[in-house]
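Working through the structure, step by step
Chain by chain, the residues:
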Amino acid sequence: MIQSIVVEGRTGSSRIFVGASLDRLGDHLPGGRTIIITDPNVERLYGHRFPPADVITIGLGEKHKTLATIQEIFDRFIELEADRTTFVVGIGGGIVGDVTGFAASTYMRGLEFGFVASSLLAQVDATVGGKNGVNFKGYKNMVGVFNQPGFVLADIEMLKTLPAEEIACGLAEIVKHACIKDAGYFQYIEDHCDAIGRLDPQVMHKLVHDSVVIKSDVVNQDEREAGERRKLNFGHTIGHALEKTLGISHGTAVSVGMVMAARLSHQSGLIDLSAVQRIENLLTRLHLPVQIGFDPLAVFEALGKDKKRQGDKIKFVLLESIGRARIQDFTIEELGRWLIPGK
Ligand SMILES: NC(=O)c1ccc[n+]([C@@H]2O[C@H](COP(=O)([O-])OP(=O)(O)OC[C@H]3O[C@@H](n4cnc5c(N)ncnc54)[C@H](O)[C@@H]3O)[C@@H](O)[C@H]2O)c1
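Residues numbered from 1 in each chain as written. Predicted model: local features only at pLDDT ≥ 70, side-chain atom pairs only at ≥ 80, totals over all residues. Heavy atoms only, no water.

1. A short note on the site of the ligand
Taken together, 26 residues sit near the ligand, with D39, E62, S118, S119 and T161 positioned nearest. The separation between an oxygen atom of the ligand and a polar side-chain atom of E62 is 2.5 Å. Relative to its free-state accessible area of 870 Å², the ligand is covered by the protein chains to the extent of 88%. At the level of elements, helix 2 (40-46), helix 4 (94-106), helix 5 (120-126) and strand 8 (139-146) are the ones that each hand at least two residues to the shell around the ligand. Top contributing element to the shell around the ligand by residue count: helix 2, with 4 residues. Within the shell around the ligand, the residues separate by chemical class into 10 nonpolar, 7 polar and 9 charged. (Near = heavy atom within 4 Å. Polar contact = N/O pair within 3.5 Å; in protein donor to acceptor, adjacent residues only side chain to side chain. Areas by Shrake-Rupley, 256 points an atom, 1.4 Å probe, with all protein chains shown as cover. Helix = DSSP H or I, 4+ residues; strand = E, 2+ residues; numbered from the N terminus. Nonpolar A, V, L, I, M, F, W, Y, C, P; charged D, E, K, R; others polar.)

Written out as C-alpha cells, the structure is:
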C-alpha cells in the first residue's frame, strides 16, 4: 500500500509517497535526463536497482557534508553537461538528501529534484520539510536553502538493510513526534515495541506515515521555523550540545536530550512525573539511552554557541503533557543553573 502526503512550501509543494518502492522510481521521473546522487553503502546495496542514469557517489559521513562535496558535484554536473532540464535524484539517507537538495537548488539557479529516502531518519525527518544544506566550519547545517523536493519515495523495504544504530536514530525522532504532537501515536508505539524491534513492515509503514503527517503538518503551518516548527527541536537543544561535546550519535543525543527536556518540563511545573517515566520507559524498550555521563560545564558552553540562540535567550521546547509541547524562553544563565546546580 502506498500513502501520499503533501507538503506545501513557499518554494512549491512536495509529495511524499510512503511505501513506494525504489523499483518504481522511473514512474516519478519527468522523462528527460536524470542524475542520481548516492553514497557508497546505498550504491553497493541498491545500485543494481537504480533506473538508467548517471550516478554521482559522495563520501560517507558528516565530514563529507561540506561545500567541498558540493563543488565536486558541480564539477561532475559540468562534465555531464547537466542543464536546467536535468532532474536530480538523491537516493540515500539524510546526508545524501541534504547535499543533493542543496546542489540541485543552487546549480544554474535551481534544477528540479526528488529523493528516495533509504534511512529511517531520512524517511521520517530529513527529507520532509524542504531544508537542504551543508555543514560549515564545524557548524551543522550552517549553509543551505529552503526548497521542496518534487517527490520523496519512502521505501519501507530498504530499512531491512539499515544498521541497528541507524534505526535507533530514526526511532528517536519518531518518539519526538509522538511526544510533541500525538498522545495516541505515543500509545501505539508503546503497544508495538516488539514489532518495531523486528522491523515489521506494516508497523514501520504506520510509523513512517504518522511521523510524516506530523512533520508535514508542522511545516505546512510554519515552513521557515518562526514558531510551530520550533517544536520539532524537542530534545535537540540539549541533544546537539551532548552530540558536540561527547561525540555521540545523533539518536543517542536526542534520546537523552528528550528525557532531560521532559524532566525540565516537570521541574517547570508542566508534565507529570509519571509521564516523564513513561517516556523513559518507551525509549528504554526501544533500546535508546535515557541517561549519559557528561561534563555540565562543557555542555553549558556548547549551549551558549547554539546557532538558534537569540541574544542571551534560547527557545526551549517543553512538554505540557505527552502529545502537547510548548516553547519557552530560557536565558543561558537559567539553563546554566539547571545544568550545574549551585552555579
Ligand atoms: N534537512 C532536514 O530537515 C534534516 C532533518 C534531520 C536530519 N537531517 C540531516 O540528516 C543527516 C543524518 O541522516 P541519516 O541518519 O540518514 O544519515 P546518513 O545519510 O549518514 O545515513 C546513515 C548511514 O546509513 C547508510 N544507509 C542509508 N540507507 C541505508 C539502507 N537502506 N541500508 C543500509 N545502509 C543505509 C548510509 O550509507 C550511512 O552510512 C544529518 O546530516 C542531519 O543533519 C536533515
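2. Digging into the packing of helix 7 (residues 183-191) against helix 9 (residues 201-221)
Interhelical geometry of helix 7 versus helix 9 gives an angle of 160° and a closest axis separation of 12 Å. Here helix 9 runs roughly antiparallel to helix 7, going by the angle between their axes. Pair helix 7 / helix 9 crosses with left-handed handedness. Residues Y185, Y188 and I189 of helix 7 pack against V203, K206, L207, D210, S211 and I214 of helix 9. Residues of the contact of helix 7 with helix 9, tallied by class, amount to 6 nonpolar, 1 polar and 2 charged. (Axes fitted to C-alpha atoms, helices over the stretch in contact; angles between N-to-C directions. Parallel < 35°, antiparallel > 145°, perpendicular 65-115°, else oblique. Left-handed = near helix turned anticlockwise from the far one by under 90°. Contact = heavy atoms within 4.5 Å.)

3. Examining unusual backbone geometry
Here the phi dihedral of K137 falls at roughly 50°; this positive angle occurs in a residue that is not glycine. Residue position: K137 is located in the loop between strand 7 (131-136) and strand 8. In the Ramachandran plot, H287 falls in the positive-phi region, its phi being about 65° despite a non-glycine side chain. In this fold, H287 is placed in the loop between helix 12 (273-285) and helix 13 (296-304).

4. Digging into the packing of aromatic side chains
Using the criterion set out here, one finds 6 aromatic pairs in the structure. With centroids separated by 5.5 Å and ring planes inclined at 40°, the aromatic side chains of F74 and Y107 adopt a geometry described as tilted. With F74 in helix 3 (residues 67-79) and Y107 in the loop between helix 4 and strand 6 (112-117), this residue pair connects regions lying 33 residues apart in the sequence. For the pair F87 and F151, a centre-to-centre distance of 5.6 Å together with 5° between the ring planes defines the contact as stacked. (Phe/Tyr/Trp six-rings, centres within 6.5 Å; stacked < 30°, edge-to-face > 60°.)

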